[in-house]
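# Overview (structure and organization)
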Amino acid sequence: MTVLSELHTNALRHTASGSSCGRVRMEMEGYRGVFWLAVTDDGALPGRQPTVPEVGTGFGLRLVDRLATAWGWFGRPGHPITVWAVVDPRGSASPAEPGRQPGLPARGPGVPARGPGALGTETPEVAVPAQRAAE
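Anyway, here's the lowdown on the structure attached to this text. Every chain begins its residue count from 1, and numbering advances along the sequence as written. Only residues with pLDDT of at least 70 get local features here, since the model is predicted, and only at 80 or more are side-chain atom pairs given and counted; chain-wide, interface and lining totals rely on the full set of residues. Each side-chain value is worked out from all heavy atoms of the structure, with water and hydrogens disregarded.

### Examining the pattern of salt bridges
Here is the rule we go by: We define a salt bridge as a side-chain nitrogen of Lys or Arg found within 4 Å of a carboxyl oxygen belonging to Asp or Glu. With a 1.4 Å probe rolled over the protein chains alone, any residue whose accessible area is under 20% of its type maximum counts as buried; one over 50% counts as exposed, and the rest are partly exposed.
This structure, assessed with the given rule, holds three salt bridges. Two residues, glutamate 27 and arginine 25, come together in a salt bridge whose shortest N-O distance is 3.5 Å. Glutamate 27 sits in the buried class, given a relative accessible area of 14%.

### A closer look at the pairing of strand 3 (residues 70-75)
Spelled out, the test is: At least two DSSP bridges between two strands are needed for those strands to be called paired. The secondary structure listing takes helices from DSSP runs of H or I that are at least 4 residues long and strands from runs of E that are at least 2 residues long, numbered from the N terminus.
Judged from the six bridges that link them, strand 3 and strand 4 (residues 81-87) form a sheet pairing that is antiparallel. For phenylalanine 74, the partnering residue across the bridge sits in strand 4 and is threonine 82.

### Describing the sheet that holds strand 2 (residues 34-40)
Basically, it comes down to this: Axis lines are fitted through C-alpha atoms, for helices just across the contact stretch, and the angle between N-to-C directions can take any value from 0 to 180 degrees. Whether two residues are in contact is decided by their heavy atoms, any of which lying within 4.5 Å being enough.
The antiparallel open sheet is built from four strands, whose spatial order is 1-2-4-3. For this open sheet the edge positions go to strand 1 (25-31) and strand 3, each flanked by a neighbour on one side alone. Recorded for the sheet is a direction-independent mean angle of 15° between the axes of neighbouring strands. As paired strands, strand 1 and strand 2 are joined by seven bridges and run antiparallel to one another. Note on strand 2: the bridge partner recorded for arginine 25 is threonine 40. Against the sheet, helix 1 (residues 2-14) contacts strand 1, strand 2 and strand 4, and its axis sits at roughly 10° relative to strand 2.

### Thoughts on helix 1
Selection rule: What a helix is expected to span follows from its residue count: subtract one and scale by 1.5 Å. Directions pointing from the helix axis toward each C-beta atom define the arc.
Taking 1.5 Å as the rise per residue, helix 1 with 13 residues should run 18 Å; its terminal C-alpha atoms sit 18 Å apart, in good agreement. Listing the buried residues of helix 1 in full gives Val3, Leu4, Glu6, Leu7, Asn10 and Ala11. Along the long axis of helix 1, the arc covered by the buried residues comes to 165°, so they all point the same way. Tucked inside the fold, the buried residues of helix 1 contact strand 1, strand 2, helix 2 (60-67) and strand 4.

### Points about the packing of helix 1 against helix 2
Formally: Here roughly perpendicular refers to angles of 65 to 115 degrees, roughly parallel to angles under 35, roughly antiparallel to angles over 145, and oblique to all remaining angles. Left-handed describes a crossing whose near helix is turned anticlockwise from the far helix through less than a right angle; right-handed describes the clockwise counterpart.
Here helix 1 crosses helix 2 at 150°, and the two axes come no closer than 10 Å. One way to sum up the angle between helix 1 and helix 2 is to call them roughly antiparallel. Both helix 1 and helix 2 take part in a crossing whose hand is left-handed. Contacts between helix 1 and helix 2 pair Thr2, Val3, Glu6, Leu7 and Asn10 from the former with Gly60, Leu61, Leu63, Val64 and Leu67 from the latter.

### Considering the side chain of asparagine 10
If you trace the backbone, asparagine 10 turns up in helix 1. For asparagine 10, the contacting residues outside a window of four places in its chain are Thr15 and Leu61.

So, in structure tokens, the structure goes:
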């Protein structure tokens, strides 16, 4: 719940979702004991520079990065963005190996740790339930 709460808070704080009449879509699905969480925002605040989710100086996405097995985002900056995370309540994530998922090779050159093309986005049975992979 901490990861989902943090993603929801970020959507409200940093996007048009926090404006009056703003919306946030939250999804959670369980698959083989692992939870796929997603939060979709309303896009950039009017008149503000579009941003993308990244681990920065704040604690929010650092917390998500430590608690989630994997996380990333998809969408176009300035438009609605979906930030997703995979959480294994059994504690399978290894803090010693950031950016790595169980059953996947370690991240190599040219494979971003997070965001589009990150490890996990191409492995539906681990990171995204099969019905999400087709979307």
